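# Observations on the model geometry
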Amino acid sequence: MSEFARRACAAARRPLGVLGALALAVVASGHVGSPDVYFQGKAGPYDVGVTIRPPGVVPGLADITIHVPSADARRVSVRPVFWQTSLAGAPRADEARAVPGEAGLYSAQLWLMTAGSYSVHVTVEGARGSGTAFVPLNSIATQRLGMQPATAGVLLGLGAFLVIGLLSIVGAGAREGSLEPGASPDPRRRRKARIVTTVFAGILVLELTAGKAWWGLEDAAYRRSMARPLRVSASTRSEGGHAVIRVALDDPSWVGGRTTPLVPDHGKMMHLFLIRAPGLDGFAHLHPRRVDPTTFEATLPPLPAGSYRLYGDVVHASGYARTVTDTVEISAGGLSGAAPSDSDDSWLAPAAAPAEPRSGQDGSVRQLAGGGSMTWERGAEAPRAGRPASLRFVVRDVNGQAAVLEPYMSMRGHAAVTRDDGAVFVHLHPMGTISTASQRTFEERARGDTTAAAITAALARPSRDGEHATHGGEPGIVTFPYAFPSPGRYRLWVQVKRAGVVETGQFDVTVGDSIRTGARSGT
């Protein structure tokens with residue numbers, strides 16, 4: 001991770017809740033159990049590092065930090081643009097505040113008023129002009145905030161006091177409102193006051209009952225708006241002597257037309273990850289072919305038999321990125337001479353996994369199948385939850401020299417990160433956690449192209465994605481901006497391409513609690 005991204009993440013961190021309980025809810029947004037957005041790229045001529053922590057409730061405030069290392073930057077502003085509105089319909093940009101004592105570091109908060117796909121426009125102005133970075137963001141409710149018992153008790157007491165007081169005022173008015181000063185109410189007036197008070201009490205009960213019913217309806221509507229896992233079904237079959245995996249998006253929202261069409265990301269309609277559980281000793285990164293609008297199929301590589309966690313990354317024409325999940329049983333077998341479904345498919349099985357570290361090395365160095373090695377430069381500080389991690393990897397050839405890395409799906413590298421219990425999964429790029437298709441979708445929308453057909457056509461055209469392939473600059477080095485969201489044991493698969501072949505380095509790490517000291521990384 002670059003220095004400016006590290007500082008931006010560090011400044012934005014805050015105490016994390018128990019994410020495990022939210023894992024299923026977060027499945028409906030991009031990634032699983034890792035809702036924060038990390039972006040590292042360009043805003044015109046300026047390098048920027050952006051971290052966004054979306055709210056757990058919607059409407060809510062998103063916390064944003066931006067680091068601009070350029071000394072000539074003078075002003076930074078942020079603006080949320082909802083996918084269904086144009087720039088003309090979006091709120092005005094808010095100026096980000098400079099963080100005292102931190103050169104080039106800015107912070108801001110933005111209201112996200114509705115659920116759906118947003119683009120945060122980060123604009124930097126300075127001596128070299130101005131530039132804007134588009135950072136896609138899923139706005140989605142993952143929490144329902146309850147009321148503390150003490151607060152409920154206080155409010156109940158105050159409510160009872162107000163009701164009793166109001167009834168007393170109504171009764172006194174009916175009983176004594178028209179009396180002469182000093183006169184006492186007669187029995188008829190007292191009886192009238194009791195009747196009026198009883199009737200008014202009934203009206204209050206009806207109003208309170210209606211209010212409770214209204215609140216219940218509002219609460220039910222909010223519950224329905226909360227993130228939930230979309231139903232998918234995965235299965236395998238034998239075809240022509242090889243195994244095929246089928247992924248069907250059979251949730252009613254898919255087949256009922258309540259979602260916008262899918263668009264390609266890095267030229268692929270779906271990025272499918274298979275991880276053998278519980279040992280995490282089988283891994284595949286596949287790109288299924290689309291056989292109909294909601295069904296994808298891919299030829300399985302030679303993975304070991306067992307139960308696999310399935311994660312499928314897709315992007316909608318609205319810019320909304322999501323990860324669908326399922327589990328699937330895979331029998332022994334594989335390609336058996338059949339060609340992969342896609343030339344960019346890659347996998348790592350136990351027999352092909354990197355050898356254990358040589359004597360004098362630790363788990364931060366892995367030997368690659370094509371020769372050479374991949375080293376994870378972890379840094380001196382052990383990783384902790386919610387704090388920026390040093391995800392910097394150095395690839396060397398058989399002679400120990402910096403390897404020549406080729407673009408792998410328009411990127412210098414890809415990484416998949418999962419916690420051992422499957423509650424966290426994220427697909428990383430050198431530019432961060434965002435989908436490039438989502439980013440380009442919002443760029444096209446900013447130019448006025450808003451139809452799904454126009455977005456799909458634009459994504460099919462050559463773009464500046466190629467510059468992401470060399471993002472980071474240094475030969476043989478690939479970095480990923482990220483912070484592990486929760487404590488636990490994690491496995492990382494880092495993928496690069498050399499001489500036309502995709503190679504995968506596998507690494508393990510134990511992430512400590514952010515409030516503990518002395519956390520140690522594992523191998």
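All values reported here derive from a predicted model rather than from experimental measurement.

### Quick look at the overall build of the chain
- Counting its regular elements, the chain contains eight helices and 27 strands.
- In the chain, buried positions account for 51% of the 523 residues.
- Sequence separation of at least 24 residues holds for 67% of the intrachain contacts in the chain that already meet a minimum separation of 6.
- Carbon together with sulfur atoms contributes 57% to the accessible area of the chain, which is approximately 23500 Å² in total.

### What about the sheet that holds strand S9 (residues 129–139)?
- One open sheet accounts for four strands, arranged S5-S4-S8-S9; its pairing is antiparallel. Two strands lie at the open edges of the sheet, namely strand S5 (94–95) and S9, each paired on one side alone.
- Here strand S4 (residues 73–82) pairs with S5 via two bridges, running antiparallel. The residue of S5 that forms the bridge with Val-78 is Asp-94.
- Sheet strands touched by helix H6 (residues 436–447): S4, strand S8 (116–126) and S9. Its angle to S9, the strand with the most contacts, is close to 120°.

### Quick notes on unusual backbone geometry
- The linkage connecting Val-58 with the following residue, Pro-59, adopts the cis geometry, with an omega of 0°.
- By secondary structure assignment, the location of Pro-59 is in the loop between strand S2 (46–53) and strand S3 (60–67).
- Residues Ala-277 and Pro-278 are joined by a peptide bond in cis, for which omega reads 5°.
- Inspection of the secondary structure assignment puts Pro-278 in the loop between strand S13 (271–277) and strand S14 (283–286).
- Positioned with a positive phi, His-266 is a non-glycine residue whose angle comes to about 55°.
- With respect to the helices and strands, His-266 occurs in the loop between strand S12 (262–263) and S13.
- A residue is classified by how much of its surface remains accessible, and His-266, at 11% relative accessible area, is buried.

### Regarding the environment of Ser-514
- Mapped onto the fold, Ser-514 is located in the segment after strand S27 (501–511).
- We classify Ser-514 as partly exposed; its relative accessible area is 22%.
- For the pair Ser-514 and Arg-387, spaced 127 residues apart in the sequence, the C-alpha separation amounts to 7.1 Å.
- Ignoring sequence-local partners within four residues, the contact set of Ser-514 consists of Arg-384, Ala-385 and Arg-387.

### Notes on the side chain of Arg-366
- Position of Arg-366 relative to the elements: it lies in strand S20 (residues 365–367).
- Owing to a relative accessible area of 6%, Arg-366 belongs among the buried residues under this scheme.
- Side-chain polar atoms of Arg-366 contact the backbone oxygen of Gln-506, separated by 2.9 Å.

### What about the environment of Ile-66?
- On the secondary structure map, Ile-66 appears in strand S3.
- A relative accessible area of 0% means that Ile-66 is categorised as buried.
- Expressed as a C-alpha distance, the spacing of Ile-66 and Tyr-106, which sit 40 residues apart in the sequence, is 5.1 Å.
- Excluding residues within four positions of it along the chain, Ile-66 makes contact with Gly-49, Val-50, Val-76, Val-78, Ala-96, Gly-104, Leu-105, Tyr-106 and Val-122.

### Observations regarding the pattern of salt bridges
- Following the criterion strictly, the structure yields 22 salt bridges and no others.
- Measuring nitrogen to oxygen at the nearest pair gives 2.9 Å for the salt bridge that ties Arg-128 to Asp-72. You can see Arg-128 sitting in the loop between S8 and S9 and its partner Asp-72 sitting in the loop between S3 and S4, a full 56 residues away along the chain.
- Here Asp-72 falls in the partly exposed class, since its relative accessible area comes to 24%.
- Arg-491 is the salt-bridge partner of Asp-508, the closest N and O atoms lying 2.6 Å from each other. With Asp-508 in strand S27 and Arg-491 in strand S26 (residues 488–498), this residue pair connects regions lying 17 residues apart in the sequence. We note that Asp-508, like Arg-491, is buried.

### Here we look at the pairing of S26
- Counted residue by residue, S26 has nine buried out of 11 residues, so it is predominantly covered.
- Note that strand S23 (residues 414–419) and S26 share six bridges and pair antiparallel. Residue Ala-416 lies in a different strand from S26, and its bridge partner there is Trp-493.
- Hairpin remark: S26 followed by S27, antiparallel, with two residues in the connecting loop; positive phi at Ala-499, about 50°.

### Things to note about the packing of aromatic side chains
- Counting across every chain of the model gives 14 aromatic pairs.
- Here Trp-376 and Phe-507 contribute two aromatic rings whose centre-to-centre distance is 6.0 Å and whose plane-to-plane angle is 75°, an arrangement assigned as edge-to-face. In this pair, Trp-376 sits in strand S21 (residues 373–376) while Phe-507 sits in strand S27, placing the two residues 131 residues apart along the sequence. Phe-507 matches Trp-376 in its accessibility class, with the two residues each being buried.
- Aromatic rings pair up to connect Phe-273, Phe-283, Tyr-311, Phe-425 and Trp-493 into one cluster.

### Side note on the confidence of the model for the chain
- Averaged over all residues, the pLDDT of the chain equals 82, while 83% of them reach at least 70.
- In the predicted structure, residues 1–28 sits below a pLDDT of 50 and forms 78 contacts with residues beyond four places in sequence or in another chain.
- Contacts from residues 463–472, a stretch scored under 50 in pLDDT, to residues over four places away or in other chains number 21 contacts.

### Re the sheet that holds strand S25 (residues 477–479)
- A sheet is described by the order of its strands in space; here four strands give the open sequence S20-S21-S22-S25, paired in antiparallel fashion. The open sheet is flanked by S20 and S25, the only strands paired with a single partner. Geometrically, the sheet is characterised by an average inter-axis angle of 20° between neighbouring strands, direction not taken into account.
- Relative to S21, S20 is paired through three bridges, and the arrangement is antiparallel. The partner of Arg-366 across the bridge, within S21, is Met-374.

Parameters and conventions
Residues numbered from 1 in each chain as written. Predicted model: local features only at pLDDT ≥ 70, side-chain atom pairs only at ≥ 80, totals over all residues. Heavy atoms only, no water. Helix = DSSP H or I, 4+ residues; strand = E, 2+ residues; numbered from the N terminus. Buried < 20%, exposed > 50% of the residue type's maximum accessible area, 1.4 Å probe, protein only. Contact = heavy atoms within 4.5 Å. Areas by Shrake-Rupley, 256 points an atom, 1.4 Å probe, with all protein chains shown as cover. Pairing = 2+ DSSP bridges. Axes fitted to C-alpha atoms, helices over the stretch in contact; angles between N-to-C directions. Polar contact = N/O pair within 3.5 Å; in protein donor to acceptor, adjacent residues only side chain to side chain. Salt bridge = Lys/Arg side-chain N within 4 Å of Asp/Glu carboxyl O. Phe/Tyr/Trp six-rings, centres within 6.5 Å; stacked < 30°, edge-to-face > 60°. pLDDT = per-residue confidence, 0-100.

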